[in-house]
Amino acid sequence: MNNNISIIVASDNHYAILIVALLKSIDLNHKTNEHIDFHIIDDGIAKSFRKKLESTVDPSRITIKWFNSKEIVPAHITIPVDSSAFPLTAYMRVFSPYVVDENVEKLIYLDVDTIVQDDISKLWNLSLGEYTVAAAQDVGKTVDCKWGGIANYAELGLTADTKYFNSGVLVVNPKKWKTEGISEKVIDALRIHKKYVQLADQYGLNVVLANRWLQLDPKWNWFAFNENDNPSLVHFLDIKPIFKTYNSKEVYKDEFYRYLSLTPWKNFKPISGNQRHIRKIFNKIKKAFIKL
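These numbers were taken from a predicted model, which means no experiment stands behind them.

(A) Local environment of the overall build of the protein chain. Tallying secondary structure elements over the protein chain gives 9 helices and 10 strands in all. Relative to the globule expectation of 19 Å for 292 residues, the C-alpha radius of gyration of the protein chain, 18 Å, shows essentially globular dimensions. Each principal axis of the C-alpha atoms in the protein chain carries an extent, and together these give about 50 × 45 × 40 Å. Classification of the 292 residues of the protein chain by burial places 56% in the buried group. By sequence separation, contacts in the protein chain at least 24 residues apart represent 76% of the contacts at least 6 residues apart. Roughly 13300 Å² of accessible area belongs to the protein chain as shown, and the carbon and sulfur atoms make up 51% of that amount. Charge separation in the protein chain, taken as the distance between the mean sites of 38 positive and 33 negative side-chain charges, equals 5 Å.

If you want it as structure tokens, here you go:
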């Protein structure tokens, strides 16, 4: 059994700088003795960035492990490509249990657009019991949410008030996940119900795990457009703080840059929101080519 705290993130080069603030926030707020294994699913991150990032942590406290995104998806699985602006990197969370060593009994998956304001060991020490996954309820709350739920919930035998979770913060039992074939089932759900898919893999995860997930305290996935004096983890669900068009609470943006200021990226300044739109267009074009 591996007692290290196993954390997994995934990013392309465009959003890699978000990892810097996230990693520094985890490092500064981790007060207990557990060593942290910080796994990064690399979807094209520059080698120069990788070396620079590794210089920001004490290897006696945190080990950074790199994984090529093209190598973690099991050979028998093909990711169905939709027409949304979500990057293919987003689907990597579905395969996060395949990244950790076989003796790892728990992992924490974090979207890179988060910062941790509390000791990550508190989330790590959560007991999953018989559950495979723990998550926090999404903004839409239930599957009948028109803009982000499960549009065909009734067809799937779900009631309108079935709770719907956000997939940006997950605590996972990787052994149960693989035994139950969750990755395969999520991909199947995305393919079979393609016309109903909203928010990419989050749809598939909620279809497969409906009524079968442990609910986290919302402070462990606190959305940055809401006020909270003491959130444990802040999720920049909307426009990220690296853009000038950031539109969530300023206090959380200030925290993001406080962490960034303690790294080699301390002189980073917010970039034009146009780059965000260009990236969305790029993601759509990339998916269109893959479909051909």
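(B) Geometry of the packing of helix 1 (residues 17–29) against helix 8 (residues 250–260). In contact at an axis separation of 8 Å, helix 1 and helix 8 are set at 85° when each is read in the N-to-C sense. Taken together, helix 1 and helix 8 sit at an angle that is classed as roughly perpendicular. When helix 1 is examined against helix 8, the residues Ile-17, Leu-18, Val-20, Ala-21, Lys-24, Ser-25, Leu-28 and Asn-29 are found in contact with a partner set consisting of Phe-256, Tyr-259 and Leu-260. A class-by-class count of the residues in the contact of helix 1 with helix 8 yields 8 nonpolar, 2 polar and 1 charged.

(C) Focus on helix 6 (residues 182–192). Within the span of helix 6, buried status applies to Ile-182, Ser-183, Val-186, Ile-187, Ala-189 and Leu-190. For helix 6, the angular spread of buried residues about the axis comes to 155°, placing them on one side. For helix 6, the elements touching its buried residues are helix 5 (174–179) and helix 7 (201–208).

(D) Fine view of helix 8. Among the residues of helix 8, those classed as buried are Tyr-252, Lys-253, Glu-255, Phe-256, Tyr-257, Tyr-259 and Leu-260. Structurally, helix 8 contributes buried residues whose contacts are with helix 1, strand 5 (114–116), strand 9 (222–223) and strand 10 (233–235).

(E) Focus on the nonpolar core. With 53 residues, the main nonpolar core has Phe-38, Leu-53, Leu-110 and Ile-120 as its most contacted residues. With 8 residues, helix 1 is the single largest residue contributor to this core. In this structure Leu-110 touches Ile-7, Ile-8, Val-9, Leu-22, Ile-26, Val-116, Gly-168, Val-169 and Leu-233, once residues within four positions along its chain are discounted. Grouped together as the second largest cluster of nonpolar side chains are 40 residues, Ile-77, Trp-177, Ile-187 and Leu-190 included.

(F) Expanded view of the sheet that holds strand 9. Taken in spatial order, the 3 strands line up as 5-10-9 in an open sheet, and their pairing is mixed. The open sheet has two edge strands with one neighbour each: strand 5 and strand 9. In the sheet, strand 5 pairs with strand 10 via 3 bridges, with the strands oriented antiparallel. Counted as the bridge partner of Val-116 is Leu-233 from strand 10. Packed on one face of the sheet, helix 8 meets strand 5, strand 9 and strand 10 and runs near 75° to strand 5.

Cut-offs used in this document
- Residues numbered from 1 in each chain as written.
- Predicted model: local features only at pLDDT ≥ 70, side-chain atom pairs only at ≥ 80, totals over all residues.
- Heavy atoms only, no water.
- Helix = DSSP H or I, 4+ residues; strand = E, 2+ residues; numbered from the N terminus.
- Rg over C-alpha atoms; globule rule 2.2 N^0.38 Å.
- Buried < 20%, exposed > 50% of the residue type's maximum accessible area, 1.4 Å probe, protein only.
- Contact = heavy atoms within 4.5 Å.
- Areas by Shrake-Rupley, 256 points an atom, 1.4 Å probe, with all protein chains shown as cover.
- Lys, Arg positive; Asp, Glu negative; His and termini not counted.
- Charge placed at Lys NZ, Arg CZ, Asp CG, Glu CD.
- Axes fitted to C-alpha atoms, helices over the stretch in contact; angles between N-to-C directions.
- Parallel < 35°, antiparallel > 145°, perpendicular 65-115°, else oblique.
- Nonpolar A, V, L, I, M, F, W, Y, C, P; charged D, E, K, R; others polar.
- Arc of directions from axis to C-beta.
- Core = buried A, V, L, I, M, F, W, Y, C linked by side-chain atoms within 4.5 Å.
- Pairing = 2+ DSSP bridges.

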